[in-house]
Amino acid sequence: MRDTQDGAGRPSGAGDAGDAGAAEAEGPAMRETGDAESPSMRETGDAEAVKAEAAERSPIRSGLHGRLDAIRSTRAGRLTLKIVIGTLGGVLVVAGLIMVPFPGPGWAVVFAGLAVLALEFHWAHRLLEFGKRTLSAWMVWLGRQHLAVKGLVILVAAATATAIVYFGVKLSFGVDLVLEAQKLLIR
């Protein structure tokens with residue numbers, strides 16, 4: 001007898017002729033699924049048995065993903081997790097976008113928010129991967145450029161950050177930083 005299996009997961013091979021009689025004795029539940037579970041368990045849909053079987057099949061997950069999978073195992077847990085992760089990730093993304101024009105970790109906070117959202121939402125995972133690819137391509141391109149181009153990029157970034165801070169302070173607080181700097185130097 002060979003060690004191969006047919007489509008239902010049963011051994012097949014030279015002894016198949018005797019297997020036809022065994023299939024008749026197995027009953028309807030066994031013939032439909034190929035499983036050796038009792039018909040009463042199949043009819044009631046025993047959730048604990050299904051969870052135990054899934055736990056045996058899946059590799060052991062530990063850490064954050066293991067805890068998230070444990071929370072997702074119930075309907076209320078799934079909904080609560082979506083709400084909490086959606087709210088936390090959304091707040092981080094919005095806060096990061098507000099910080100983008102100012103010096104500081106604006107884009108880092110946006111990427112952190114997308115990483116939080118990607119724990120639960122597939123669209124956020126795709127957007128995060130797109131952002132990582134784009135940033136990587138930009139860094140590779142900048143790395144291949146001449147030192148003068150790199151210096152020009154740094155100057156443009158510094159001038160932009162300076163202009164954003166200057167106009168942000170002037171429009172928000174009514175303070176002209178240039179005049180204040182001149183007053184300090186004249187003293």
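Residues numbered from 1 in each chain as written. Predicted model: local features only at pLDDT ≥ 70, side-chain atom pairs only at ≥ 80, totals over all residues. Heavy atoms only, no water.

## Focus on the overall build of the protein
Piece 1. Looking only at helices and strands, the protein has 10 helices and zero strands in total.
Piece 2. The helix and strand sequence of the protein, counted from the amino end, reads α-α-α-α-α-α-α-α-α-α.
Piece 3. Of all 187 residues assigned to the protein, the portion counted as buried reaches 16%.
Piece 4. Partitioning the intrachain contacts of the protein with sequence separation of at least 6 by distance along the chain shows that 28% fall at a separation of at least 24.
Piece 5. When the accessible surface of the protein is totalled, it reaches about 13900 Å², and 67% of it is carbon and sulfur. (Helix = DSSP H or I, 4+ residues; strand = E, 2+ residues; numbered from the N terminus. Buried < 20%, exposed > 50% of the residue type's maximum accessible area, 1.4 Å probe, protein only. Contact = heavy atoms within 4.5 Å. Areas by Shrake-Rupley, 256 points an atom, 1.4 Å probe, with all protein chains shown as cover.)

## Some remarks on the packing of aromatic side chains
Piece 1. Within the structure shown, the criterion is met by three aromatic pairs.
Piece 2. Between F121 and W123 the ring centres are 6.1 Å apart and the planes differ by 35°, which places this aromatic pair in the tilted class.
Piece 3. Ring centres 5.2 Å apart and planes at 25° place the aromatic pair W138 and W141 in the stacked group. With W138 and W141 both in helix α8 (residues 122-144) and three residues apart, this pair spans about one turn of that helix.
Piece 4. The exposure class assigned to W138 is partly exposed, which follows from its relative accessible area of 41%. (Phe/Tyr/Trp six-rings, centres within 6.5 Å; stacked < 30°, edge-to-face > 60°.)

## Structural notes on the nonpolar core
Piece 1. Membership of the largest hydrophobic core is limited to 12 residues, which are L68, L81, I85, V93, V110, L114, V116, L117, A118, F121, A124 and L128.
Piece 2. At the level of secondary structure, the elements contributing two or more residues to this core comprise α6 (75-99), α7 (106-118) and α8.
Piece 3. The contacts of V93, once residues within four sequence positions are left out, are V110, G113, L114 and L117. (Core = buried A, V, L, I, M, F, W, Y, C linked by side-chain atoms within 4.5 Å.)

## Observations concerning the packing of α8 against helix α9 (residues 147-173)
To characterise two packed helices, one gives the angle between the axes of the helices and the distance between these axes.
Piece 1. The N-to-C vectors of α8 and α9 enclose an angle of 130°; their axes lie 7 Å apart at closest approach. One finds that α8 runs oblique with respect to α9. Across the interface between the two elements, W138, W141, L142 and G143 of α8 pack against V149, K150 and V153 of α9.
Piece 2. In terms of residue class, the contact of α8 with α9 is built from five nonpolar, one polar and one charged. (Axes fitted to C-alpha atoms, helices over the stretch in contact; angles between N-to-C directions. Parallel < 35°, antiparallel > 145°, perpendicular 65-115°, else oblique. Nonpolar A, V, L, I, M, F, W, Y, C, P; charged D, E, K, R; others polar.)

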